Each structure stands twice: as C-alpha cells, then as structure tokens.
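Spelled out, the chains give:
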Amino acid sequence: VFSVGDVVTFAADGEKAYIGVVEGLIQLQYNPRNPDGSWKRGAKVEALWEGKLKENGKFKSVSEYYPGKIVTKTGPCEYHVSFDDGEQSFAVDESEIRAVCSSKSLIVRWL
C-alpha cells in the first residue's frame, strides 16, 4: 500500500530502474455487472467459501469470503467461481458474492 510522499522504483525486464515520488492516488471504479444485473465473466469478486480445514490435527468449519473471479453463470442465481488460491466452487449463490470494484492508481513524479 502506497501513500503520498512515498519513494517508488520501477524497472522493466532488467532495464534501468526509475525513481519517483507518489504525488497522489486516484480511486478507480469498475462495474462488475451486466446491464441485466448478472455478474460479468471474469469479474473480480469475493465469494463465500464454506468447508472444513485441518488445523492442529482437528477439522474446523470455515465460512469466509475469499477473492476470486466469475467463470460463468451456472443457474438462475448461481455462478461458478474460481478462487485466487486455485479452489473452484461451481454453484455459488449470488447472495454470497460481493464486488471488489475499486482500486487505486498512483500519480508519480519521476525524478
């Protein structure tokens, strides 16, 4: 996470490194839904994942939101979600999906 005043560097493919100072942040908005209200394919989302994880030799139930993307719509109100860690859920109810629809871009003054 960057803040105004931070010094940053950038180098592409082993080329010369450039140094700059962050002068501002811009909040970007993205609409992850189609005009009919359905989720767009490839939309970045957080979806509810429920299952059991083994911790200290014991299984515990987990029900948390994890980042992923919409693969396709699988039913009237269900979606196939591919999670960032490689897990797949093929019937996630749309009420268990939330948008991750903004990001920040940096305004940098290169020195």
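Predicted model only: the values in this text are computed from it and were never measured.

Participant: For this particular structure, what's the right way to read the sheet that holds strand β7 (residues 97-99)?
Facilitator: The strands making up a sheet associate through backbone hydrogen bonding, with each pair oriented either parallel or antiparallel. Taking strand neighbours across the sheet as the criterion, the 5 strands line up as β6-β5-β4-β3-β7 in an open arrangement whose pairing is antiparallel. Because the sheet does not close on itself, it has two edges, and the strands there are β6 (88-93) and β7. Neighbouring strand axes in the sheet, compared pairwise and without regard to direction, differ in orientation by 45° on average. Of the strand pairs in this sheet, strand β3 (residues 44-55) and strand β4 (residues 58-75) are connected by 12 bridges, and their pairing is antiparallel. Across the sheet, Leu 53 pairs through a bridge with Lys 60, a residue of β4.

Participant: What exactly am I supposed to notice about a nonpolar patch on the surface here?
Facilitator: Taken together, the side chains of Phe 2, Val 4, Leu 25 and Leu 106 make up a nonpolar region of the molecular surface, amounting to roughly 340 Å² of accessible area. By the secondary structure assignment, Phe 2 is in the segment before β1 (7-10). Assessed through its relative accessible area of 43%, Phe 2 is described here as partly exposed.

Basis of the calculations
- Residues numbered from 1 in each chain as written.
- Predicted model: local features only at pLDDT ≥ 70, side-chain atom pairs only at ≥ 80, totals over all residues.
- Heavy atoms only, no water.
- Pairing = 2+ DSSP bridges.
- Helix = DSSP H or I, 4+ residues; strand = E, 2+ residues; numbered from the N terminus.
- Axes fitted to C-alpha atoms, helices over the stretch in contact; angles between N-to-C directions.
- Patch = residues over 30% accessible without salt bridge, like charges linked within 9 Å, V, L, I, M, F, W, Y side chains within 5 Å.
- Areas by Shrake-Rupley, 256 points an atom, 1.4 Å probe, with all protein chains shown as cover.
- Salt bridge = Lys/Arg side-chain N within 4 Å of Asp/Glu carboxyl O.
- Buried < 20%, exposed > 50% of the residue type's maximum accessible area, 1.4 Å probe, protein only.

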